[in-house]
Amino acid sequence: MATSLGANTYNRMNWETSDFPILCQTCLGDNPYMRMIRETYGKECTICNRPFTVFRWCPGAKMRYKKTEVCQTCAKTKNVCQTCLLDLEYGLPVQVRDAALKMQDNIPKSDVNREYYQQNNESALAKAGGSGGAGGKAPNELLMKLARTTPYYKRNRAHICSFWVKGECKRGEECPYRHEMPTDPNDPLANQNIKDRYYGVDDPVADKLLKRAADMPKLTPPADKTITTVYVGGLDANIKEQDLRDIFYQYGEIRNINMVTKSGCAFVNFSQRESAEKAVQGAFNKLIIKGRRLKILWGRGQGAPAIKAQEEPRPLPPVPGLPPALPQPPAELLAHDFFGLRADNVPQPPVLRALAGSVLPPLPGPAGMRMPLMAPPGTHVIHYPSQDPQRLGTSKSRGNDN
């Protein structure tokens, strides 16, 4: 203890007395019938070096005894537990909370300035009647993802028996310590410091949580800016279209909602791309409707646009190993029709040549099939009987003849 009880009255006025500690639910334990040992001015605060009231208790069966490490003034300043120094609201290290809320640590490190700061802060907290730190701050998305929803009583387990590790423990089952092998000594979590935890500097637990937050899955917006559809999966018969509309209307104007009941999904189509991005960011891994956690994804696009006919096809590299292309014949040879395959060289029947360009008389045939046939000039009307439209199919007269 830095200053004894026999010192001047001014120093004893700064000492702290309390009737009950400020603890989180994990450190308090699951035992509803708990007995605490209270010792007034039993220890100096690890942060401000002021004597304060120390509490010691056992949180449950087969757990180690725990005690308060910092005074209540320092705990209220950071809104942390007096024992584990984790945030009282989220159960996270101070470094993670300050990084998520973008808070700065203004607590001085020197003795004189720290004493003056603690006195002013203690009087301000007494007038306000509340806690400092993150108290009253708006909930943060990162903190909600990393926070523990239930107490973590595993943190209260007894320490490892060093005699059992060396093979010399003779207590057996009566040993109050754990008979387990220790973790890797090179593990960063093995080197934890109370001051680093309180000030939020070089905390290995905080570094582990921040890395976990960086590795969390995220939805990257597609490159196609025309996609404004959000896919919602995991629906059941109890979730209706109005339920989805009540959730997504806050992000922007909704064009339509297509419910696919057979597949248990829906497609929410927004009018603007910004509204769809806000909806994905606000509902990804957080959307719960009627007790069901829904899956949020981006909708698919219509694919790449087709290549226009006006665009010239790009030249492709030749395939190796194939013989070269044959030489093209000269243009003089291509101009002549050596085999008489041109349309104007094909001989026509004398009747068709005489009637070309005139209206043909009705062809003889059964009743109801006599229709004039127009032959455009310069064209060949009929080459084969099967091309005659008047002779296609059956007629009523043939059936009457029978």
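Residues numbered from 1 in each chain as written. Predicted model: local features only at pLDDT ≥ 70, side-chain atom pairs only at ≥ 80, totals over all residues. Heavy atoms only, no water.

(A) A look at the pattern of salt bridges. On inspection of all chains with the given rule, the structure shows 10 salt bridges. D98 is the salt-bridge partner of R97, the closest N and O atoms lying 3.4 Å from each other. Take R97 and D98: they sit in the same class, and that class is buried. Linked by salt bridges that have partners in common, D87, R97 and D98 make up one network. (Salt bridge = Lys/Arg side-chain N within 4 Å of Asp/Glu carboxyl O. Buried < 20%, exposed > 50% of the residue type's maximum accessible area, 1.4 Å probe, protein only.)

(B) Up close: the confidence of the model for the chain. Confidence in the prediction of the chain, expressed as mean pLDDT, is 77, and 72% of residues score 70 or more. The model gives residues 304-309 a pLDDT under 50, and that stretch makes 0 contacts with residues more than four places away or in other chains. Overall, residues 367-374 carries pLDDT values under 50, and its contacts beyond four positions in sequence, including any with other chains, amount to 16 contacts. (pLDDT = per-residue confidence, 0-100. Contact = heavy atoms within 4.5 Å.)

(C) Examining the pairing of strand 6 (residues 265-270) more closely. Burial analysis of strand 6 places 5 of its 6 residues in the buried class, which makes it a mostly covered element. Here strand 4 (residues 229-233) pairs with strand 6 via 5 bridges, running antiparallel. When the bridges of strand 6 are listed, V230 appears paired with V268. Relative to strand 6, strand 5 (residues 254-260) runs antiparallel, the two sharing 6 bridges. Bridge pairing in strand 6 places I257 opposite V268. From the end of strand 5 to the start of strand 6, which pair antiparallel, there are 4 residues, and G264 there has a positive phi angle of about 70 degrees. (Helix = DSSP H or I, 4+ residues; strand = E, 2+ residues; numbered from the N terminus. Pairing = 2+ DSSP bridges.)

(D) Focus on the sheet that holds strand 3 (residues 66-67). Sheet architecture is open: 3 strands sit in the order 1-2-3, paired in antiparallel fashion. Whereas interior strands pair on both sides, the edge strands pair on one side only; in this sheet they are strand 1 (36-44) and strand 3. Bridge count for strand 2 (residues 51-57) against strand 3 is 2 bridges, and the pairing is antiparallel. Bridge pairing in strand 3 links W57 to K66.

(E) Focus on a nonpolar patch on the surface. Where nonpolar side chains cluster on the molecular surface, the patch consists of W164, V165 and M181 and spans about 280 Å² of accessible area. With relative accessibility at 35%, the residue V165 sits in the partly exposed group. (Patch = residues over 30% accessible without salt bridge, like charges linked within 9 Å, V, L, I, M, F, W, Y side chains within 5 Å. Areas by Shrake-Rupley, 256 points an atom, 1.4 Å probe, with all protein chains shown as cover.)

(F) View of the packing of aromatic side chains. Counted by the stated rule, this structure contains 5 aromatic pairs. Centre to centre, the rings of Y198 and Y199 are 5.4 Å apart; their planes meet at 85 degrees, and the pair counts as edge-to-face. When its relative accessible area of 11% is taken as the criterion, Y199 is described as buried. Here F248 and F270 contribute two aromatic rings whose centre-to-centre distance is 6.3 Å and whose plane-to-plane angle is 70 degrees, an arrangement assigned as edge-to-face. One end of the pair, F248, is in helix 10 (residues 241-248); the other, F270, is in strand 6, and 22 residues separate them in sequence. The burial state of F248 is the same as that of F270; both residues are buried. (Phe/Tyr/Trp six-rings, centres within 6.5 Å; stacked < 30°, edge-to-face > 60°.)

(G) Representation of the nonpolar core in the model. One finds V232, L244, F248, F270, L294 and I296 to be the most contacted residues of the largest nonpolar core, which totals 23 residues. For V232, the contacting residues outside a window of four places in its chain are L244, F248, G264, C265, A266, V268, L294, K295 and I296. In terms of nonpolar packing, the next biggest core, distinct from the first, is built from 15 residues, V70, V94, Y198 and Y199 among them. (Core = buried A, V, L, I, M, F, W, Y, C linked by side-chain atoms within 4.5 Å.)

(H) Fine view of the environment of L101. Checked against the element boundaries, L101 lands in helix 4 (residues 94-101). Residue classification places L101 among the buried positions, given a relative accessible area of 19%. For L101 and N140, which are 39 residues apart along the polypeptide, the C-alpha to C-alpha distance reads 7.0 Å.

(I) The arrangement of the pairing of strand 2 in detail. Of all 7 residues making up strand 2, 6 are buried, and the element is well covered by its neighbours. Hairpin connection from strand 1 to strand 2: 6 residues lie between these consecutive antiparallel strands, with N49 at a positive phi of about 65 degrees.

(J) Seen up close, the layout of surface pockets. Estimates place the volume of the largest pocket at around 1,600 Å³. Lining the largest pocket are 40 residues, with R64, R155, Q192, R197 and V205 sitting closest to its centre. Contributions of two or more residues to the lining of the largest pocket are made by strand 3, helix 6 (141-146), helix 8 (194-199) and helix 9 (204-214). No other element matches helix 9, which puts 4 residues into the lining of the largest pocket. Residues that form the lining of the largest pocket fall into these classes: 18 nonpolar, 6 polar and 16 charged. Tallied by class, the residues present in the lining of the second largest pocket amount to 10 nonpolar, 1 polar and 4 charged. (1 Å grid on protein atoms, 1.4 Å probe; cavity = no way out; pocket = protein on both sides within 12 Å on 5 of 7 lines; lining within 4 Å. Points joined across faces, edges and corners; volume = space filled by probe spheres on them. Nonpolar A, V, L, I, M, F, W, Y, C, P; charged D, E, K, R; others polar.)

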